Amino acid sequence: MFEDLRDLYQEVIFDHNRNPRNFRVIENASREVEGFNPLCGDRLTLYLDIVSGVIEDASFQGSGCAISTASVSLMTEIIKGKTESEAEALFSQFHKMITTEGEVDMEAVGKLAVLAGVKGYPARVKCATLAWHTLDTALKNEGLESISTE
Amino acid sequence: MSALDVLSIRNDFPVLAQQIRGKPLIYLDNAASSQKPNSVIDAISNNYRFDYANIHRGVHTLSQRSTDCFEGAREKVRAFLNAESIKEIIFVRGATEGINLIAQSYGRSTIGQDDEIIITMMEHHANIVPWQMLCQQTGARLRVVPMTERGELILDDYKSLFNSKTRLVSIAHMSNALGTVNPVAEMIKTAHRYNIPVVLDGAQSAPHMTTDVRALDCDFYVFSGHKLYGPAGIGVLYGKQALLEAMPPYQGGGDMIRKVSFQETEYNDLPYKFEAGTPAIADVIGLGAAIDYVTGIGLDNIAAYEDSLLCYATEQVNQIAGLRVIGEAAHKGAILSFVLDGIHPHDIGTLLDSVGIAIRAGHHCAMPVMDFYQVPATARASFAMYNTEQEVDILVSTLKELIKVFR
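Residues numbered from 1 in each chain as written. Chains lettered and ligands numbered in written order. Predicted model: local features only at pLDDT ≥ 70, side-chain atom pairs only at ≥ 80, totals over all residues.

## Notes on the overall build of chain A
Counting its regular elements, chain A contains 5 helices and 4 strands. For chain A, the C-alpha radius of gyration of 14 Å lies close to 15 Å, the compact-globule estimate for 150 residues. Its C-alpha atoms give chain A principal-axis dimensions of about 45 × 30 × 30 Å. Per-residue burial over chain A gives 39% buried out of 150 residues. A separation of at least 24 residues holds for 62% of the contacts in chain A among residues at least 6 apart in sequence. (Helix = DSSP H or I, 4+ residues; strand = E, 2+ residues; numbered from the N terminus. Rg over C-alpha atoms; globule rule 2.2 N^0.38 Å. Buried ≥ 20, exposed ≤ 12 C-beta atoms within 10 Å, placed from the backbone. Contact = placed C-beta atoms within 7 Å.)

This is the structure we're talking about:
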């Protein structure tokens, strides 16, 4: 059963949903941004520690569906150690991967590739991008913010 | 289990005879919108094919035919609601527009600064937001009837909300998020003791039970065609004639006037005073066909069948470990809202869809209900007269499989 969904729900996604990485609060984080998808009720708070333009640490709190939880969990892993502009570039590749048929540098997206299946499920794209829109807001604004995907 | 010939009913709904992702469609999203029988589809297409023209004032044959069918549908609605007169039946786009009409016409002409409007905690956004807008315009306030954990309104609290500032009560006959059927007859009696008119939102209840606006003695009642196996974009506002007579028009335009000059306009009689512009002619006729269809089967028969189906489904899902039913009122319509431990409703929705089962996952336009139960969303299976125990069995066994996949 559910064989048709292997593209969307890969084992890695279940794994991150069960055991989300970096699921914690960073005390005195340099950026703390809340993301909200009112359609699903998904809600997350993203914490970033940025030192001289480099994301030294990233974590999150909140709850959402498996796609959104796996997406934010994977994101916090992959952006650590990247500069702000590298993280923005990654967002743009990721966004392209799940919304268009265009050429995507799969090497650049690395393990985010497990989310490529979302493209076949337009209703779920927002689940996968909530984390990244929240990151985008965090990188563009200093301090505390709140964003909504609707 | 029932007096219904479900197989023959299913054969009347062409959309049901299809496969989704290789599996027979199991359509359990009826509270959002129900499917359409051939008779409704034919009534609409036959109007366009053979009889269509603009209604009222036409001197040619097609206009007369369309007018007769259109006004014939109004009489069907009157009988369906047991209203006294066709003057009390106003065609609108749906329950939402009906409530907005009441808020902007009745509300703005009778409700002012510091007045109070009573609604309940389990309302659909359509029965919250129009009143909030009215409150912003007038300085009135919303008062909200609380509910219990089971999803039943607390009637003592309702009674204690009435005071000299109370001007209007607006309540759902049946909750779309919980399935609760509210004790509206008793609530209307309470309001009338204070001479306060009551609006009933019948969007959910109309397809599932007999409605008698005179027995209920509600002052206004709204419902949508698309949940009653009829077309989308058409609905009905019922209002007591005396109230409607006293209300100013909602929109201006053609058909709602008797005489227009640049100095002044004389408005048309009821119900036309509230029907500006060319209406959704074919859709009104389609709604008439939908009413013929459900009354042919019998609303009481439909209610009895759906009730037994809901009981069966509730029994079955209660055996699933980690499943919690949201909304356990003693009197419920055929709606089963639930959450599963550790599995988000949107994942449930996507996984069920992959085997042909259509449910709804989300806040069901009732965010205050989600806040009350402290859940971001629920999964909701909502049944209609064409659903079967066999479909419930497939839903339940699929849910069990789904839980295994997530463990």
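After that view, the rundown keeps rolling.
## Regarding the interface of chain B and chain A
Taken together, the contact between chain B and chain A spans 16 residues of the former and 17 residues of the latter. Elements supplying a minimum of two residues to the side of chain B that touches chain A: helix H12 (345-353) and helix H14 (389-406) of chain B. The biggest single contributor to the side of chain B that touches chain A is H12 of chain B, with 4 residues. Looking at the side of chain B that touches chain A, its residues break down into 7 nonpolar, 6 polar and 3 charged. (Nonpolar A, V, L, I, M, F, W, Y, C, P; charged D, E, K, R; others polar.)

## A few points about the confidence of the model for chain B
Predicted confidence across chain B gives a mean pLDDT of 96, with 100% of residues reaching 70 or more. Note on the complex model: pTM 0.94, ipTM 0.89. (pLDDT = per-residue confidence, 0-100.)

## Structural notes on the packing of helix H2 (residues 66-79) of chain A against helix H5 (residues 125-140) of chain A
Residues and elements named next belong to chain A. Direction vectors running N to C along H2 and H5 enclose 40 degrees, while the axes themselves pass 7 Å from each other. In terms of axis orientation, H2 runs oblique to H5. The chirality of how H2 crosses H5 is right-handed. Between H2 and H5, the contacting residues are Ile 67, Ser 68, Ser 71, Val 72, Met 75 and Ile 79 on the first element and Cys 127, Ala 128, Leu 130, Ala 131, Trp 132 and Leu 135 on the second. Across the contact of H2 with H5, the residue classes break down as 10 nonpolar, 2 polar and no charged. (Axes fitted to C-alpha atoms, helices over the stretch in contact; angles between N-to-C directions. Parallel < 35°, antiparallel > 145°, perpendicular 65-115°, else oblique. Left-handed = near helix turned anticlockwise from the far one by under 90°.)

## Focus on the sheet that holds strand S7 (residues 166-172) of chain B
All names here are of chain B. With respect to topology, 7 strands assemble into an open sheet ordered S4-S10-S9-S8-S7-S5-S6, the strand pairing being mixed. Two strands in the sheet have a free side with no partner beyond their single neighbour: strand S4 (89-92) and strand S6 (141-145). Pairwise comparison of adjacent strand axes, ignoring direction, gives a mean angle of 20 degrees for this sheet. Summarising the sheet, strand S9 (residues 220-224) and strand S10 (residues 235-239) pair through 5 bridges and their orientation is antiparallel. When the sheet's bridge partners are listed, Ser 224 is paired in S10 with Gly 235. Sitting on the sheet, helix H3 (residues 61-81) is in contact with S4, S9 and S10, with an inclination near 115 degrees to S4. (Pairing = 2+ DSSP bridges.)

## Focus: the nonpolar core
Note that soluble globular proteins tend to have their nonpolar side chains buried in a common cluster. All names here are of chain B. Grouped together as the largest cluster of nonpolar side chains are 158 residues, with contacts concentrated most on Leu 200, Phe 220, Val 236, Tyr 238, Val 284, Ile 285 and Ala 290. At 10 residues, the largest contribution of residues to this core is made by helix H10 (residues 281-297). In terms of domain composition, this core takes at least three residues from each of domain 1 (6-30 + 298-406) and domain 2 (41-296). Residue contacts for Ala 290: discarding those within four places in its chain leaves Val 40, Gly 225, Leu 228, Tyr 229 and Gly 230. (Core = buried A, V, L, I, M, F, W, Y, C linked by C-beta atoms within 7 Å. Domains from an automatic or database assignment.)

## Some words on the environment of Lys 76 of chain B
Residue and element names in this part refer to chain B. In this fold, Lys 76 is placed in helix H3. Using a count of 21 C-beta atoms within 10 Å as the deciding quantity, one classes Lys 76 as buried. Along the chain, Lys 76 and Leu 287 lie 211 residues apart, while their C-alpha atoms are 9.0 Å from each other. Apart from residues no more than four positions distant in its own chain, Lys 76 is found in contact with Gly 288, Ile 291 and Asp 292.

## Here we look at the environment of Ile 188 of chain B
Looking at where Ile 188 of chain B falls in the secondary structure, it is placed in helix H7 (residues 184-193). Considering only alpha carbons, one finds Ile 188 of chain B and Asp 217 of chain B, 29 residues apart in sequence, at a separation of 7.2 Å.

## Considering the pairing of strand S14 (residues 335-340) of chain B
All names here are of chain B. A large share of S14 lies buried, amounting to 6 of its 6 residues. Of the two faces of S14, the one holding Ile 335, Ser 337 and Val 339 and the one holding Leu 336, Phe 338 and Leu 340 are both buried throughout. Where strand S13 (residues 323-326) and S14 come together, 4 bridges link them in antiparallel fashion. When the sheet's bridge partners are listed, Arg 324 is paired in S14 with Val 339. In terms of strand pairing, S14 meets strand S17 (residues 378-382) through 4 bridges, oriented antiparallel. Each residue of the ladder has a partner; that of Ile 335, found in S17, is Ser 382.

## Looking at the sheet that holds S13 of chain B
All names here are of chain B. Here we have 4 strands laid out as an open sheet, ordered S13-S14-S17-S16, and antiparallel in their pairing. This sheet does not close on itself; its edge strands, each paired only once, are S13 and strand S16 (360-362). In this sheet, neighbouring strand axes are inclined to one another by 30 degrees on average, regardless of whether the strands run parallel or antiparallel. In this fold H12 packs onto S14, S16 and S17, with an angle of close to 160 degrees to the strand it touches most, S16.

## Focus on the packing of helix H4 (residues 95-110) of chain B against helix H5 (residues 129-138) of chain B
Residues and elements named next belong to chain B. Close contact between H4 and H5 brings their axes to 9 Å; oriented N to C, the two are set at 25 degrees. Classified by the angle their axes make, H4 and H5 are roughly parallel. The way H4 lies across H5 gives a crossing that is right-handed. Contacts between H4 and H5 involve Ile 99, Asn 100, Ala 103, Gly 107 and Arg 108 from the former and Pro 130, Trp 131, Met 133, Leu 134, Gln 137 and Thr 138 from the latter.

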